[in-house]
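Tertiary structure, described
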Amino acid sequence: MKNIKHSNKTLILFLLCVMCNIITVNAQNSKFEKQLKNGWVIESSTKINSTGDKISAINFDVSKWYKTTVPATVMAALIANKEYADIFMGENINKVDTTRFRVPWWYRNEFVIEDTSKNTELVFEGINYRANVWLNGKKVAAADSLFGGFRIFTLNISKNIKKGKNVLAVEVFHQQKNEPSIGFVDWAPMAPDRELGLWRPVKLKISDKTSLNNIFVTSKIEKKEYKNAELTVSAEAVNNTNEVVETTVKGKIENIIFEKKVTLKPFEKQLIVFKPSEFNQLKIKNPRLWWTYELGEPNLYTLTMSAETNNTVSYSKSTQFGIREVEDYLTAKGYRGYKLNGVEVLIKGGGWVDGMFLNDTDEKVKAQLEYVKQTNMNTVRMEGFWGNSERIYEMCDEMGLLMMVGWSCQWEWKAYLDKPEDEFMSIKTPEDMNLIINYTRDHVNWLRNHPSIFVWVMGSDKLPRPELEEKYNVLFEEVDPSRPLLMSCKGMN
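Predicted model, so just to flag it, every value in this text is computed and none were measured.

It is worth spelling out the packing of helix H6 (residues 430-447) against helix H7 (residues 466-479) at this point. Relative orientation of the contacting elements H6 and H7 amounts to 25°, with a least axis distance of 11 Å. The pairing of H6 with H7 is recorded here as roughly parallel in orientation. For the pair H6 and H7, the crossing hand works out as right-handed. For the pair H6 and H7, the contacting residues are Met-433, Asn-434, Ile-436, Ile-437, Thr-440, Arg-441, Val-444 and Asn-445 in the first and Glu-467, Leu-468, Lys-471, Tyr-472, Leu-475, Phe-476, Glu-478 and Val-479 in the second.

In structure tokens form, the structure reads like this:
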């Protein structure tokens, strides 16, 4: 009985520590990052006889528009506004008039800026499919360059913001059948709006003269007794000014501190790397390793990176990571296997698809991941989407679940992507290949610190075209050589 009580106390303590870490990370980031979640309204362009410059003005009347939060597809917002009742009952979904989604829809938000002297960037983590963006009466981005359902866009709006209330208007255009974007697996019907809208968070990134992008931590561990690990930390330092700037890039992991002074040319972006051969403090004794829930504890660390200029913190960001190492191997019979920290892991899992309208709540996602554990599985394979936010990855990190993350079959069959089929995917043209590579780069940079992700998947039923596969190999050598790469799930090649 004493052992059971002790176990329960340990579990409660572990959960409290996880929650504390999440709160600490969010509090640290809130000064430099603000999510524009609340206060949105949407309306069809057929109901509006106006243009972006007027819609993004403060006194524009939106009293009859649909209220929503973001992320939200148009269909999800309409369902939340009781436009469609019992959508999953009988044939109700087939009765929805899809033509109302084949015209542009407007998203509008008002937000407050207190300090206009800061470098301010507007980040769209997911727009499906094209968009014109207006801010305070000025067009700041156009649909001819702002397109791609899986792109992550960052717009510098420093010259367009004003102190006090600002108005953002986004005119979103639907995805054409021949455009490689969000696609659903054949487990369920496609949403009537084809996931039109701002389907992932919209954020403000606020910094001073310098900032940081693409923070990354990789680890190498001693696999015999697990007494030693080496960390390599990198980040892209950015000069936000038209002057030469000296800045200090600092990192902190618990009681471990490391830093470098760098000189940045006007508007320069420079990759800063902290190697254990140079910084002895990145050689970790007795590391707390990240394991799946079956093999041990899913231990997490918090890294805080900052850029300091003129003895002032210009930008800071905290992120969680796990010390662990993954690798793949081939058996004597040619089957592919995977190792976590040198230990062979039996992959037991299934395909995961977000809710049809991409409106899953955190509570629903957590419950479903608990089902994964309760059915004695240890792996989730993302199918069709990569989640409507980063939260599912954070949950898998915390719960000790593995994730296979990558592209599904939405670009492999004519029924999904209206382009000719052959033995490879339907991604053939240089333009489409470049788009897919940009999709992949954005997502890997976004998610690569999550220890739960053990493999990147580039195809489902077919292999990518050889030219595209070559581009993938070059890309991953640059952005994440720390994980195995799987070109197709069907043959596990």
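This paragraph deals with the environment of Ile-215. Relative to the helices and strands, Ile-215 is located in strand E14 (residues 210-221). Here Ile-215 falls in the buried class, since its relative accessible area comes to 8%. Along the backbone, Ile-215 and Ser-389 are 174 residues apart, and their C-alpha atoms lie at a distance of 18 Å. Sequence-distant contacts of Ile-215, that is, excluding residues within four places in its chain, are made with Ser-234, Ala-235, Leu-303, Met-305, Lys-317, Thr-319, Arg-448 and Asn-449.

Moving on, we get to the sheet that holds strand E25 (residues 349-352). Strand order in the open sheet formed by five strands is E25-E26-E27-E28-E29, and the pairing between neighbours is parallel. Each of the sheet's edge strands pairs with one partner strand only, and the pair in question is E25 and strand E29 (485-486). Two elements, strand E27 (residues 402-406) and strand E28 (residues 453-457), share four bridges in a ladder whose sense is parallel. Of the residues in E28, the one forming a bridge with Met-403 is Ile-453.

Bringing the side chain of Asn-445 into the picture now. Within the element layout of this structure, Asn-445 appears in helix H6. Side-chain polar atoms of Asn-445 contact the side chain of Arg-448, separated by 3.3 Å.

Reading guide: rules and limits
- Residues numbered from 1 in each chain as written.
- Predicted model: local features only at pLDDT ≥ 70, side-chain atom pairs only at ≥ 80, totals over all residues.
- Heavy atoms only, no water.
- Axes fitted to C-alpha atoms, helices over the stretch in contact; angles between N-to-C directions.
- Helix = DSSP H or I, 4+ residues; strand = E, 2+ residues; numbered from the N terminus.
- Parallel < 35°, antiparallel > 145°, perpendicular 65-115°, else oblique.
- Left-handed = near helix turned anticlockwise from the far one by under 90°.
- Contact = heavy atoms within 4.5 Å.
- Buried < 20%, exposed > 50% of the residue type's maximum accessible area, 1.4 Å probe, protein only.
- Pairing = 2+ DSSP bridges.
- Polar contact = N/O pair within 3.5 Å; in protein donor to acceptor, adjacent residues only side chain to side chain.

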